[in-house]
Number of protein chains: 2
Amino acid sequence: MSEMVLLKLGGSVITRKDSAGVIDSHRLSFLADVIGARQERRMTIVHGAGSFGHPEASRYRIMEGVGAENIGGVYITHSAVRSLNEKVVDALRSGGCEAVGVHPLSGAFACDGRLVFLECRNLAKMMDLGIVPVLHGDVVFDGERGATIISGDQLVQYLGRIMGFRRIGLATDVPGILDNGRVIPVITPQNAGSLTLGDALVPDVTGGMRGKVMEMLELARAGIRSEIFHVERTGDFLDEKPHGGTIITGEGDDE
Amino acid sequence: MSEMVLLKLGGSVITRKDSAGVIDSHRLSFLADVIGARQERRMTIVHGAGSFGHPEASRYRIMEGVGAENIGGVYITHSAVRSLNEKVVDALRSGGCEAVGVHPLSGAFACDGRLVFLECRNLAKMMDLGIVPVLHGDVVFDGERGATIISGDQLVQYLGRIMGFRRIGLATDVPGILDNGRVIPVITPQNAGSLTLGDALVPDVTGGMRGKVMEMLELARAGIRSEIFHVERTGDFLDEKPHGGTIITGEGDDE
């Protein structure tokens, strides 16, 4: 049985930054072809929210928690990311991939902004059957905060750790993690600290990139490597070819 | 804090039997008003599939399991019940109820046709926050069968047992469980046996009704009572008034 692949599609890769709530249909159709042509893979896909959901989440301050005053934001934010998920699933199915959407709101629970549980047996069974589960950053109910936002990157970290994925790739709109415009080929918990402290990592890293690296370093510390590459290199990643991006890896991993 | 209420809306109550994939909008709007006027209740709603999903599930024989030959039926059946769920949530929201849809496919797992896990902490938190989670009979992945159909009634039985609901009501299109056209006021595991064996229960009980009674008897054996009534009496049930229906109760329950 083929090795399981966990592929993250960045929100900024599949939606248009210039207008809220609009997908990048050209990009999605490219990805659908790339993934559809490699259907033999046992694969789970996670996508970010991009211009769907982020504006709503920030208007209602869902990240900080939910109470009586902003409860209405839960439905509105979730509906926005659900609608993106439907479009991603539709696009993938058009490319011949047996994609089915999975919503973290329905099956996950968080505590103080961190995922403490997400049902995974259904995801494993889906992959066994040849279905590609497609999850997304979502509103998740939270024992401390009422509700919070769990990002696609945090989902990748959780699934990578709990389900034992050996191949984890994050497709982004840059060629990798950049240091003064050049891709850093390898980040480890050791050099990440110095890069960050030395401010070298900071100028090229958006909040999103920083969050992404932090989640992937958590995987690296657990001995699980992940790869960050430009979305146009997704086929290379899936084919295990060089993709010119960044590998985030732990001490114990000597590849 | 008010007692938690679990309300099941039968599939045949909210959809039109005469045409597949059509909701009974008059009925849904009535229910939205009844529920919207009683928002102080901490409530979870479960609905059946009715004419959404049942035709698809049976065409693809999802109930018996899923493999390579009928895998395409998973998405089609799930999409049908999802679409009904969206309409139910929309109708409830129009009535002023803070409803949010929850899909068992995303957060549940089954074994040989029976639910073995459904995340409930999110449901409890939603009710704490004043949100009404709205679940539905759905395709659920299954360790033995690949996937199966978990009915709304089975969800009620699971949630009633695991979440400790004390008030469980099933709104149907008949006034209660009938014996020769008359409502049986009380069914217990004891008299149910004799009714069934004596064939008295059989003529008026559809497959759906029989399944419903079996699930509720499982609750009764665990000391949890449930009530089955005509959908027009939903307000009476919520107000704890007589509704003229059937109470299914266990030995230990002397109400």
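From a predicted model like this one, the values you see are computed outputs, not experimental measurements. (Residues numbered from 1 in each chain as written. Chains lettered and ligands numbered in written order. Predicted model: local features only at pLDDT ≥ 70, side-chain atom pairs only at ≥ 80, totals over all residues. Heavy atoms only, no water.)

**A few points about the side chain of B:Asn85**
Residue and element names in this part refer to chain B. Rule in force here: Helix and strand labels come from DSSP, where a helix needs a run of H or I of at least four residues and a strand needs a run of E of at least two; each type is numbered from the N terminus. Any N or O atom pair separated by 3.5 Å or less is treated as a polar contact, with the protein-specific requirement of one donor-capable and one acceptor-capable atom, and with residues adjacent in sequence counted only for side-chain atom pairs. In what follows, residue pairs with any heavy atoms lying within 4.5 Å of each other are defined as contacts.
Inspection of the secondary structure assignment puts Asn85 in helix 4 (residues 72–94). At 3.1 Å, the side chain of Asn85 and the backbone oxygen of Val134 are in polar contact. Among all residues touching Asn85, those that are not within four sequence positions of it are His47, Gly101, Val102, His103, Val134, Leu135 and His136.

**Here's the deal with the interface of chain B and chain A**
To be explicit about the condition: Put simply, buried area is how much 1.4 Å-probe accessible surface two parts lose in total, over both of them, once they are put together. Any Lys or Arg side-chain nitrogen located within 4 Å of an Asp or Glu carboxyl oxygen qualifies as a salt bridge. Gly is put with the polar residues, along with every residue not named as nonpolar or charged; the nonpolar set is Ala, Val, Leu, Ile, Met, Phe, Trp, Tyr, Cys and Pro, and the charged set is Asp, Glu, Lys and Arg.
Residue-level contacts link 35 residues of chain B with 35 residues of chain A. When the area that chain B buries against chain A is broken down by residue, the three leading residues are B:Tyr75, B:Ser106 and B:Leu129, summing to 20%. At the boundary of chain B with chain A, the tally comes to two salt bridges. Where A:Glu86 meets B:Arg82, a salt bridge forms, and the shortest distance between an N and an O atom there is 2.7 Å. Between chain B and chain A we count 14 residue pairs in polar contact (both at pLDDT 80 or more) in total. Secondary structure elements with two or more residues in the side of chain B that touches chain A: helix 4, strand 3 (99–101), helix 5 (104–107), strand 4 (108–111), strand 5 (114–118), helix 6 (121–129) and strand 7 (138–142) of chain B. The greatest single-element share of the side of chain B that touches chain A, amounting to eight residues, is contributed by helix 4 of chain B. Of the residues belonging to the side of chain B that touches chain A, the class tally is 17 nonpolar, nine polar and nine charged.

**What to know about the sheet that holds strand 2 (residues 42–47) of chain B**
Residues and elements named next belong to chain B. Worth spelling out the cut-off: Whether two strands pair depends on DSSP finding at least two bridges between them. With axes taken as lines fitted to C-alpha atoms, and helix axes fitted only over the stretch in contact, angles between N-to-C directions fall between 0 and 180 degrees.
Sheet architecture is open: eight strands sit in the order 3-6-2-1-9-13-14-12, paired in mixed fashion. Edge positions in the sheet fall to strand 3 and strand 12 (186–187), since each has one partner strand and no second. Inspection of the sheet shows strand 13 (residues 226–230) paired to strand 14 (residues 246–248) by three bridges, in the antiparallel sense. Paired with Glu227 across the two strands is Ile247, which belongs to strand 14. Sheet strands touched by helix 6: strand 1 (4–9), strand 2, strand 3 and strand 6 (132–136). Its angle to strand 2, the strand with the most contacts, is close to 130°.

**Considering the pattern of salt bridges**
A side chain with one charge can pair with a side chain of the opposite charge if their charged atoms come near. Residues and elements named next belong to chain A. Here is the rule: Relative accessible area decides the class of each residue, using a 1.4 Å probe on protein chains only: under 20% of the type maximum gives buried, over 50% gives exposed, and in between gives partly exposed.
This structure, assessed with the given rule, holds 30 salt bridges over all chains. Its salt-bridge partner being Lys212, residue Asp153 comes within 3.3 Å of it at the nearest N-O pair. Residue Asp153 is found in helix 7 (residues 152–163), and its partner Lys212 is found in helix 9 (residues 207–221); the two are separated by 59 residues along the sequence. Comparing Asp153 with Lys212, the two get one shared label, buried. When salt bridges that share partners are traced, they join Lys8, Asp153 and Lys212 into one network.

**Describing helix 7 (residues 152–163) of chain B**
Residue and element names in this part refer to chain B. This is how the line gets drawn: Each residue after the first adds 1.5 Å to the expected span of a helix.
With 12 residues, helix 7 should reach 16 Å at 1.5 Å per residue; the first-to-last C-alpha distance of 16 Å fits that figure. Among the 12 residues of helix 7, 10 are classified as buried, and the element is accordingly described as predominantly covered. For helix 7, the set of buried residues is Gly152, Asp153, Gln154, Leu155, Val156, Gln157, Tyr158, Leu159, Gly160 and Met163. Looking at the residues trailing helix 7, positive phi occurs at Gly164, about 70°.

**Section: the packing of helix 4 (residues 72–94) of chain A against helix 4 of chain B**
Put simply, the rule reads: Our angle categories are set so that under 35 degrees counts as roughly parallel, over 145 as roughly antiparallel, 65 to 115 as roughly perpendicular, and the remainder as oblique. By definition, any crossing whose near helix is turned counterclockwise from its far helix by less than a right angle is left-handed, and any crossing with a clockwise turn is right-handed.
Two elements in contact, helix 4 of chain A and helix 4 of chain B, have axes separated by 14 Å at closest approach and are oriented at 160°. Between helix 4 of chain A and helix 4 of chain B, the angle is such that the two are roughly antiparallel. Here helix 4 of chain A runs over helix 4 of chain B; the crossing is left-handed. Two secondary-structure elements touch here, helix 4 of chain A through A:Tyr75, A:Arg82, A:Glu86, A:Val89, A:Asp90 and A:Arg93 and helix 4 of chain B through B:Tyr75, B:Arg82, B:Glu86, B:Val89, B:Asp90 and B:Arg93. When grouped by side-chain class, the residues that make up the contact of helix 4 of chain A with helix 4 of chain B number four nonpolar, no polar and eight charged.

So far we have only geometry, and geometry alone does not tell us how the molecule works.
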